Every structure is written in C-alpha cells, then in structure tokens.
Amino acid sequence: MPAPLLIRDAAWAVVWDGPARRHAYAHGMDVLLRDGRIAAIAHHDPDAPLPPGAEVVDGRRLLVMPGLVNIHTHPTTEPAGRGVREDHGVPEQQMTGLFERLQAFRLDQQGQAAAMRLAYAELMSAGVTSVVDLSPPFPEWLGIMRESGLRVWAGPGYAAAHWGMSAPQTVTWMWNRENARTQFEAAKRVMKEAEADNSGRLHGIVFPAQIDTVEEDMLRESVAYAGETGRPFTTHIAQAVVEVREMIRRHGVTPIQWAASIGLLTPRSILGHAIFVDEHASIGWHTAKDIGLVAEHGATVAHCPSPFARYGEHLKHFGKYRARGVNMGFGTDCAPHNLIEEMRLAILLARNAVRDVAAADTGSVFHAATVGGAEALGRPDLGRLEKGAAADVVLVDLAHPLMNPPRDPLRALVFHAADRAVKRVVVAGETVFADGRTTRLDVAEAAGILAESQARMLRDARGRDYRGRSGDEIAPLSLPLH
C-alpha cells in the first residue's frame, strides 16, 4: 500500500455534493489519501498536524479533481489507425469506413501490445483513472493492465459473425456459431482471471461484440450472466446506418427496440455509441421511441464523439439524451484516447446540432465523464471527491499558461488546456502518471514496435481487401509524395 498522500491547501477542488448529487467547486482544501481511499477532505487548517509518513503536496497552484472514467475504448487495436483512419470513409455506407477497415486490416499481437501501452499512457495523460478495455484477448493483455496501475474492466469480445464486403455498397454477415460459444467460454475464463488479480484493480465486463453479430440466444445468455455474476454488460449498438438497416430487415424494429424486447436494456447495460436511434435524420424511421426506452430501462450510453464526427455524423444530441433521462458516460473508442478532448467535442457538436448554447455545458459533460461512467460500472465510490471514495485523483497545474486566468478551471481544462495541464494522476492512492510520464508502464519501445506492426498491417491488407488493395491504396497519404 502506498504511503499516505496529503494535498494541502488546494487552490481549487471539485468536490462531491452528496445531497444535491452533483459536483461543486471548493477553495483551499486539504485532501488526504490513505489506504486506497479518500480519508479526509476539508477546508485547509494551517495548524492541523501532518499525518505521519505522508507525502505532502503543496496544492496552492493545483486543481484537484476526481479521476475520469472511460467506459468504451479499443486500446489494443485503434492506435494502429493513427495516420490511416482520420480521412477514411466509404460513401456507399453513409461515409463510415468501419466495415472496410475491419475486413482489410489485422494488427499482429506484437503491435497490439505496443498499441495498448501507448494508449494506456495517453489515457492517463488526460486524467483517466478507470477504463473499459474492449479487445480480443491476447497473451499479454492482462499483464499490461496490471503493469499500468489503472483500474481496468477487461471486456474480452466474442461474436458469432464477422463482417465482409464484396463491393462498396455491400456488407455481408458470415456466421460461425460454434466458434461463438468457444469465444464466450474463453471470455468467462479471462474475466475470472482478471478479477483474481492481487491488485484488486482488474475487473470483467461482459461484451458480446455487436448487436448484429451475436444471436438472440447468446445475447440473452450474456445479459443474464452479467446479472448473475454482478458484472456490467456492454455491446455496440446503433453505431452504423448499415447495422440499423440490417436489424430492421431481420426484426422489423430498430436495434434499440429489439434489444429492449429481449431484455438487454438494464441498469447494468452500457450501450456503445447508440447514435443512430429511430429519430436520427440518417435513419428516418417512423417511430421516436429509442431514447425513451434507454432511459426507461436505466441503461447508459457510452458517448464517443470524435470517430463519428470524422465522417460527418454525430449523436443528436448529448443534451437531448440527458434531458430525457438517459445516463450518459464517455469513451474514447479510438485514437486519440483523450477523454478531455471528447468532452469538448461533445459540447460543440450538441450546440451545433440545435444551435443552442444550452444544449451541453462543461458541468454536464464532466458529470458524465466521472459519475455517469462510475454509475454505469456499478461503482459509486469512483468519479467523485468525498470521504470514503476511492483515492483516484487528478492534479491539474493551474500555473500552466493555458489554464490562466483560472477563473473557472474546468472550463479552462476542457476548452483550452486539456491533457497539457494534467500534472499527476493517482489511482488507489498510488501515483501512476506524473510530469508527463507513466510511473509503472514501460512505453520505451512501444512506438517503434507499433510503427513496424502498422506497416505489416498495411502491406498485408492486399490479401484481405475485397478489391485486393494495399493499405496505402485504401487510405492514401494526406498529401502526394513529391
């Protein structure tokens, strides 16, 4: 157990107001972290004795805030898309490049481990202390989680179908039901292994990969298993127009409505993206039920703005979902894994969707990125600064030029400084990131390894792409070589 840590006389703190169920600002706070918990939080008393053996941090130029909770990420694969996916899309599929990329590109295990190290370091640098990692398991996966020091919910994915393409306008579902059962049983073993880890920071989340690639019986079994074992449940749903149209073809209703009818929407359910609901303009379905169903059943939406905004789509909109009673959380989904930037983008997209500055604000997105995510994971001790909560804390440097003047430090962080002002990240009372570096996670060789693996991935795409193209042909450079 790390030594006690006292943040003394913090200039600003984001504290939890329990009766009002909201965050609030406080000035001049002493925050004591001990035995993995917030042992005390109170206004500064210059005469109070210092706790024996404690590290004392001068907080007079710091903002102290709860660690961010990221409930939807793919850190073992998506960093390989850096320089590849930013401008990539297929017009015949409403601009998404999801199906084309997943058919053509495969990152090897060496690249996955390197990608994971870089992504975890990036997550920490932007103040994340808890993360849901949705990945295909590989041998080093749990070991890197443990090494990082983060709180991680391991989501080993499983599915009965994978997507294929034979033409730009065509997506097919190729089924292998026996393999799905094998994957599901393997996922159960991986989750149990994670939860047996001595650190106490690794957990499991039940993750049938997509609503359209897992059959009804296994989806029902999966959500029941999550309930029986006390784990959260998640899947991708309403993430693509292609998917929504296919689910309507199969069932006559939208994916959200079908999920509700088979019992997938529960208070422990996290819906990955849930953008293309029935009233979204790109769907144009004749009902307007989906958002209400999500709220009625107490499910959470994992909002990941940037990957969709890149090809001209977005959830419409954060403020509307929240006003209708949906619990909102945030994820980064793909690189960059910068949750602070996702919060900023969510505000801007929501305001632009309805031309209303009140559609989203700093306080509401910060709530989603902390308490919203924590509640989705069934962890009311995360995402807040109060006595007894987990000692997951972020220290922000108020002396950073982009944080000045610090009239409203959260606005300065979200709209201006982002990760550049994050000075220190603490998980369970242990510092895992400080002064621009991870303290436990080895990233020294990861960038070079990932670059080599990405090059192989792009080269080998020729054997998987439906047109026989290399990765450089699928996603050309942004400028021609001269």
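Residues numbered from 1 in each chain as written. Predicted model: local features only at pLDDT ≥ 70, side-chain atom pairs only at ≥ 80, totals over all residues. Heavy atoms only, no water.

Which parts of the structure should I look at to understand the packing of aromatic side chains?
All chains considered together, the criterion is met by 6 aromatic pairs. Here F99 and W163 contribute two aromatic rings whose centre-to-centre distance is 4.7 Å and whose plane-to-plane angle is 75°, an arrangement assigned as edge-to-face. Here F99, found in helix α1 (residues 98–104), pairs with W163, found in strand β9 (residues 161–167); they are 64 residues apart in sequence, far enough to count as distant. Like W163, F99 is buried. An aromatic cluster of three or more residues is present, and its members are Y158, F184 and Y225. Lying over the aromatic face of W173, R250 brings its terminal NZ or CZ to 5.5 Å of the ring centre. (Phe/Tyr/Trp six-rings, centres within 6.5 Å; stacked < 30°, edge-to-face > 60°. Helix = DSSP H or I, 4+ residues; strand = E, 2+ residues; numbered from the N terminus. Buried < 20%, exposed > 50% of the residue type's maximum accessible area, 1.4 Å probe, protein only. Lys NZ or Arg CZ within 6 Å of the ring centre and 35° of its normal.)

What's the story with the nonpolar core in this structure? I'm lost.
If you look at soluble globular proteins, the nonpolar side chains tend to sit buried side by side. In terms of nonpolar packing, the biggest core is built from 118 residues, with M65, L68, M145, I256, F330 and I340 touching the most fellow members. Counting residues in hydrophobic clusters, the runner-up holds 19 residues, among them A10, A13, L33 and V393. (Core = buried A, V, L, I, M, F, W, Y, C linked by side-chain atoms within 4.5 Å.)

Explain the environment of T234 to me, please; I cannot follow it from the model alone.
Tracing the sequence through the fold places T234 in strand β12 (residues 233–237). The exposure class assigned to T234 is buried, which follows from its relative accessible area of 0%. Setting aside chain neighbours within four positions, we find T234 in contact with L134, I205, V206, F207, P208, I270 and G272. Side-chain polar atoms of T234 contact the backbone oxygen of I270, separated by 2.7 Å. (Contact = heavy atoms within 4.5 Å. Polar contact = N/O pair within 3.5 Å; in protein donor to acceptor, adjacent residues only side chain to side chain.)

Explanation requested: the UniProt feature "domain: Amidohydrolase-related" (unreviewed entry) in the protein chain in the structure shown.
With numbering matched to this structure, UniProt assigns "domain: Amidohydrolase-related" (unreviewed entry) to residues 63–432. When the span residues 63–432 is considered, its composition is 38% helix and 19% strand, and the gap between its end C-alpha atoms is 18 Å. (UniProt positions renumbered as here; feature names shortened; annotations may be inferred.)

Could you clarify how one ought to interpret the pattern of salt bridges in this entry?
Two side chains with opposite charge may pair up if their charged atoms get near one another. Here the structure, examined in full by the defined rule, presents 29 salt bridges. Measuring nitrogen to oxygen at the nearest pair gives 2.9 Å for the salt bridge that ties R37 to D381. With R37 in strand β3 (residues 37–43) and D381 in the loop between α12 (362–376) and β16 (393–397), the pair connects residues that are 344 residues apart, well separated along the chain. The buried category is assigned to D381, whose relative accessible area is 14%. For E279, the salt bridge goes to K320, with nearest N and O atoms at 3.3 Å. Here E279 is found in the loop between β13 (269–273) and α8 (290–296), whereas its partner K320 is found in helix α10 (residues 318–323), with 41 residues between them in sequence. Connected through salt bridges with shared partners, the residues R181, E185, K188 and E221 form a single ionic network. (Salt bridge = Lys/Arg side-chain N within 4 Å of Asp/Glu carboxyl O.)

Looking at this structure, how should I read the side chain of D30?
Of note, D30 is situated in strand β2 (residues 22–34). Buried D30, no salt bridge; nearest opposite-charge side chain is R8, N-O distance 5.1 Å. Here the side chain of D30 touches D45 through a polar contact of 3.5 Å, landing on its backbone nitrogen. Apart from the residues lying within four places of it in its own chain, the contact partners of D30 are L6, I7, R8, D9, A40, I41, A42, H43, H44 and D45. (Lys, Arg positive; Asp, Glu negative; His and termini not counted.)

Quick question: what am I supposed to make of the pairing of strand β10 (residues 170–175) here?
Here is the key point about a regular strand: its side chains alternate between the two faces of the sheet. Of the strand pairs in this sheet, β9 and β10 are connected by 6 bridges, and their pairing is antiparallel. Considered in β10, the bridge of H162 is made with M174. (Pairing = 2+ DSSP bridges.)

It is not clear to me how α12 should be interpreted in this structure. Could you clarify?
Turn by turn, an α-helix covers 3.6 residues, leaving residues three or four places apart pointing in a common direction. With 15 residues, α12 extends 20 Å between its outermost C-alpha atoms, agreeing within 8% with the 21 Å of an ideal straight helix rising 1.5 Å per residue. Of all bends in α12, the biggest is about 40°, found at A368. In terms of residue burial, α12 counts as a mostly covered element, since 13 of its 15 residues are buried. The residue sitting at the N-terminus of α12 and contributing the capping side-chain oxygen is D361; that oxygen lies 3.3 Å from the backbone nitrogen of G363. Where α12 ends, the next residue or the one after it, G378, has phi of about 70°, a positive value. (Expected span 1.5 Å × (residues − 1). Bend = angle between axes of the 7 residues up to and from the residue.)

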